[in-house]
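Chain and residue survey
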Amino acid sequence: QVQLLESGGGLVQAGGSLRLSCAASRRASMGWFRQAPGTGREFVAAISWNGGDTDYADFVKARFTISRDNAKNTVFLQMNNLNAEDTAVYYCAAAIQKRIATMSTDDVYDYWGQGTQVTVSS
């Protein structure tokens, strides 16, 4: 099994930045999803097991960057120019299969973290 621990959430003003971290117990393809109150979970960004491929939701591609430190099995999500619509619980997920068809749908992920709250004030 893969254990995941998210951190880095908090309260920021609109236009500010946050850097989320996800520490994993093993290397895997990793994705970030978010869920705002009263809404479904949506894809944010993902990175392949070796860092060679990335994927972003259209609404965050110009502002967010996903990266990883393979030596530490840690994935990061740098979020810039945050706005109130980014307020949500952000979840880290791991896909343990060597090959997956896509990284942007939640059904390919096998393990999920507990989430970290991001709140953006107007």
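Our subject is the structure that appears above.
No experiment lies behind these values; they were computed from the predicted model shown.

How each quantity is defined
- Residues numbered from 1 in each chain as written.
- Predicted model: local features only at pLDDT ≥ 70, side-chain atom pairs only at ≥ 80, totals over all residues.
- Heavy atoms only, no water.
- Helix = DSSP H or I, 4+ residues; strand = E, 2+ residues; numbered from the N terminus.
- Buried < 20%, exposed > 50% of the residue type's maximum accessible area, 1.4 Å probe, protein only.
- Salt bridge = Lys/Arg side-chain N within 4 Å of Asp/Glu carboxyl O.
- Pairing = 2+ DSSP bridges.
- Axes fitted to C-alpha atoms, helices over the stretch in contact; angles between N-to-C directions.
- Core = buried A, V, L, I, M, F, W, Y, C linked by side-chain atoms within 4.5 Å.

**What about unusual backbone geometry?**
Outside of glycine, negative phi angles account for most residues, and trans bonds account for most peptide bonds. Within the chain, Asn73 stands out as a residue other than glycine whose phi angle is a positive 50°. Looking at where Asn73 falls in the secondary structure, it is placed in the loop between β7 (64-69) and β8 (74-79). Positive phi is not limited to glycine here, since Asn81 has a value of about 50°. Mapped onto the fold, Asn81 is located in the loop between β8 and β9 (88-95). For Asn81, a relative accessible area of 49% gives the class partly exposed.

**A word on the pattern of salt bridges**
Proximity of charged atoms lets side chains of opposite charge pair with each other. For the coordinates displayed, the defined rule picks out 4 salt bridges. Residues Glu42 and Arg34 are paired through a salt bridge, measuring 2.6 Å at the closest nitrogen-oxygen approach. In this structure Glu42 comes out as partly exposed when scored by relative accessible area, which is 32%. Asp86 is the salt-bridge partner of Arg63, the closest N and O atoms lying 2.7 Å from each other. Here Arg63, found in the loop between β6 (54-56) and β7, pairs with Asp86, found in the loop between β8 and β9; they are 23 residues apart in sequence, far enough to count as distant. As far as burial versus exposure is concerned, Arg63 and Asp86 are alike and both buried.

**Looking at the sheet that holds β7**
Within a sheet, each strand pairs with its neighbour through backbone hydrogen bonds, oriented either parallel or antiparallel. With antiparallel pairing, 4 strands are arranged side by side in an open sheet as β1-β3-β8-β7. The open sheet terminates on both sides in strands that have one partner only, identified here as β1 (4-7) and β7. The sheet shows a mean angle of 15° between the axes of neighbouring strands, taken without regard to direction. Two elements, β1 and strand β3 (residues 18-24), share 4 bridges in a ladder whose sense is antiparallel.

**Remarks on the environment of Phe64**
With respect to the helices and strands, the residue Phe64 is situated in strand β7. Phe64 sits in the buried class, given a relative accessible area of 1%.

**Some details on the pairing of β8**
Burial of β8 is extensive: 5 of the 6 residues sit out of reach of the surface. Across 6 bridges, β3 lies against β8 in antiparallel orientation. What sits directly across from Arg19, in β8, is Gln78. Summarising the sheet, β7 and β8 pair through 6 bridges and their orientation is antiparallel. Counted as the bridge partner of Thr65 is Gln78 from β8. Following β7, the chain reverses through 4 residues before pairing antiparallel with β8; Asn73 in that reversal takes a positive phi of roughly 50°.

**Observations regarding the nonpolar core**
In terms of nonpolar packing, the biggest core is built from 36 residues, with Met30, Trp32, Leu77, Met79 and Tyr90 touching the most fellow members. Here this core gets 6 residues from one element, more than from any other, and that element is β9.

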